[in-house]
Amino acid sequence: MNDHKALFTAGGLPDCPREITELRARTAAFVRARVIPCEQVLDAGGPGARRALARLQAEAKDAGLWALPLPVELGGRGLPLSRYAHVAEAEGASDHGPAALGSAPLLDVLTLARHGSAAVRDRYLKRITAGELRTCYAMTDPDTPGTDPTMTSTRAVAGADGRWTLHGRKWFTTGAAAADLVTVMARTDGDPAAPAELSLLLVPTAAPGFRVVRELPILGAGGQWEIALDGVTVPADHLVGERGRALRAAGERLRLGRVLRCLRWLGQAARAYELMCERACSRTQASGPLADRQLVQQLVFDSLLALRTTRPLVYEAVSRLESGQDARIETGLAKVAAARMLQQVTDAAIQVHGAAGLGPDTPLPALFRSGRAARLLDGPDELHISAVARRVLRPER
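None of the values given here were measured: they were computed from a predicted structure. (Residues numbered from 1 in each chain as written. Predicted model: local features only at pLDDT ≥ 70, side-chain atom pairs only at ≥ 80, totals over all residues. Heavy atoms only, no water.)

Engineer: So what exactly am I meant to see when it comes to the state of the cysteines here?
Structural biologist: By definition, a disulfide links two cysteine residues through a covalent bond between their sulfur atoms. Enumeration over the complete set of coordinates arrives at zero disulfides. Summary of cysteine pairing: Cys-277 is not part of a disulfide, and the nearest cysteine sulfur, belonging to Cys-281, is at 6.6 Å. (Disulfide = S-S within 2.5 Å.)

Engineer: What is the right way to look at the side chain of Ser-370 in this model?
Structural biologist: Within the secondary structure, Ser-370 is located in helix α12 (residues 364-374). Setting aside chain neighbours within four positions, we find Ser-370 in contact with Asp-95, Gln-268 and Leu-342. (Helix = DSSP H or I, 4+ residues; strand = E, 2+ residues; numbered from the N terminus. Contact = heavy atoms within 4.5 Å.)

Engineer: What is the right way to look at helix α9 (residues 246-282) in this model?
Structural biologist: An α-helix turns once every 3.6 residues. As a result, residues three or four positions apart point the same way. Taking 1.5 Å as the rise per residue, α9 with 37 residues should run 54 Å; its terminal C-alpha atoms sit 53 Å apart, in good agreement. Where burial is concerned, most of α9 is hidden: 27 out of the 37 residues are buried. (Expected span 1.5 Å × (residues − 1). Buried < 20%, exposed > 50% of the residue type's maximum accessible area, 1.4 Å probe, protein only.)

Engineer: Quick question: what am I supposed to make of the pairing of strand β1 (residues 135-138) here?
Structural biologist: Two faces make up the sheet, and in a regular strand the side chains alternate between them. Of the two faces of β1, the one lined by Thr-135 and Tyr-137 and the one lined by Cys-136 and Ala-138 are each fully buried. The pairing of β1 with strand β4 (residues 181-187) spans four bridges and is classified as parallel. Following the sheet pairing, Cys-136 is matched in β4 by Val-182. (Pairing = 2+ DSSP bridges.)

Engineer: It is not clear to me how the environment of Thr-362 should be interpreted in this structure. Could you clarify?
Structural biologist: Take Thr-362: it is sitting in the loop between α11 (328-353) and α12. Among the residues examined, Thr-362 registers a relative accessible area of 19% and is labelled buried. Along the chain, Thr-362 and Ala-272 lie 90 residues apart, while their C-alpha atoms are 9.7 Å from each other. Setting aside residues no more than four positions away along its own chain, Thr-362 makes contact with His-353, Ala-356 and Gly-357.

Engineer: Got a minute to help me understand the nonpolar core in this structure?
Structural biologist: Where a protein is soluble and globular, its nonpolar side chains tend to be buried together. Ranked by internal contacts, the top residues of the largest apolar core, which has 84 residues, are Met-185, Leu-260 and Leu-263. Ranked by the residues each element gives to this core, the list is headed by α9, at 16 residues. Ignoring sequence-local partners within four residues, the contact set of Leu-260 consists of Leu-81, Tyr-84, Leu-106 and Leu-107. With 20 residues, the next largest nonpolar core counts Ala-156, Ala-179, Leu-201 and Leu-229 among its residues. (Core = buried A, V, L, I, M, F, W, Y, C linked by side-chain atoms within 4.5 Å.)

Engineer: How should I be thinking about the packing of aromatic side chains in this particular structure?
Structural biologist: Given two aromatic rings, one states the distance between the centres and the angle between the planes to describe the pair. Inspection of the entire model under this criterion finds one aromatic pair. Summarising the aromatic geometry, the rings of Trp-171 and Phe-172 are spaced 4.9 Å apart at their centres and angled 70° between planes, so their arrangement reads as edge-to-face. Using a relative accessible area of 23% as the deciding quantity, one classes Trp-171 as partly exposed. Exposure remark for Phe-172: the relative accessible area of 42% places this residue in the partly exposed category. Residue placement shows Lys-61 over the ring face of Trp-66; its charged tip is 4.7 Å from the ring centre. For Arg-253, the ring lying beneath its charged end belongs to Tyr-137, and the centroid distance is 3.8 Å. (Phe/Tyr/Trp six-rings, centres within 6.5 Å; stacked < 30°, edge-to-face > 60°. Lys NZ or Arg CZ within 6 Å of the ring centre and 35° of its normal.)

Engineer: Can you help me understand the confidence of the model for the chain in this one?
Structural biologist: For any part of a model where pLDDT is low, the fine detail of the predicted coordinates should not be relied upon. Confidence in the prediction for the chain averages 92 pLDDT; 94% of positions are at 70 or higher. Across residues 6-12 the pLDDT falls below 50, and counting only partners more than four positions away or on other chains, this stretch makes 18 contacts in the model. (pLDDT = per-residue confidence, 0-100.)

Engineer: What is the right way to read the pattern of salt bridges from this model?
Structural biologist: Counted according to the given criterion, the structure contains 20 salt bridges. Glu-226 is the salt-bridge partner of Arg-169, the closest N and O atoms lying 3.2 Å from each other. You can see Arg-169 sitting in strand β3 (residues 164-174) and its partner Glu-226 sitting in strand β7 (residues 224-234), a full 57 residues away along the chain. For Arg-169, a relative accessible area of 37% puts it in the partly exposed group. Residues Glu-330 and Arg-320 are paired through a salt bridge, measuring 3.3 Å at the closest nitrogen-oxygen approach. Of this pair, Glu-330 sits in helix α11 while Arg-320 sits in helix α10 (residues 294-322), and the two are ten residues apart along the sequence. Taken together, the salt bridges that share partners define one network made up of Arg-24, Glu-89 and Arg-311. (Salt bridge = Lys/Arg side-chain N within 4 Å of Asp/Glu carboxyl O.)

Engineer: Even after reading the chapter, I still don't get the environment of Arg-127, so can you show me in this structure?
Structural biologist: Mapped onto the fold, Arg-127 is located in helix α8 (residues 118-129). Spatially, the C-alpha atom of Arg-127 lies 32 Å from that of Arg-369, the residues being 242 residues apart in sequence. In this structure, Arg-127 is in contact with Glu-132 and Leu-133, ignoring residues within four places of it in sequence.

Dropping the structure here:
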């Protein structure tokens, strides 16, 4: 194996138990051999993508790689975060890896397991874990800042029978077109001028009044959607958590979600790094291989430095989250560093590939889009920079 590949494959991971090293290696091999060749079909969506995903999920189950971080009692493997983190990097090398391997609904499963009613847990959780139902999360309204959920305008009103009726729109909802269930943040105070009382409600997408409005291409690529809730009615027991306490459950979800994204961005950056090194070694000009050029060597060095310095930040956030410590500073540092790192490494890989790096024959354009979007997803860089600095400068607040 070339040295640049050994850096981020199972054998190159420090502090990783042997059984997790082997599991990571199997996961990486599955993603490389099975998921990555299907990316174009999966990206295209529609019936072909659904068939391909179903086939990959069946193969993952047969390979013993299904739902690794999900609770054992629901049908998962129950890997704790500190161990799953190593596998999450391998899964995340492809955007479709988590869905193909059954870990994509982790945040929804944990939220519903902790805060859902008994009826919701009994009705949905095992089916979600088995891949029979697909979920998504809808937090941000169009034309309102996603960094300030108190400005949410989507409303949910409780009727005399206790059922909730929702009105509003949400956008940048990942996977909404294929979802069976969506967790929606809505105002439940009934007065748009009142201080926000925000609640979470679980909405079946088959309910009358639920509508997919449009796909929202991200720098030309799909996967995000705008949805409408036009008088959608759900049972009283589909309230997730306490009425008016959505921000508590959403905060739990965001903290873990940000760390999971960072781990997956590490996997994507490692993939771009490998492609860059392979191109540098294989591309020959009249004066010799690109790998002999000092400017190419600089790009390789800077990319490796970015990867090596970002990874400990991410794993420090993992450690603090799992131990129940305050991880807000560590998560903010990791999120900003990982987003910047992914964009830097993919940009360098494109530069080494030349014009080929801009075209459809490599995954680099998609990886670069992920890097640019990473600086806005789960809060823009500026939000995390300000929040971390305030906590450092005013620790008593």
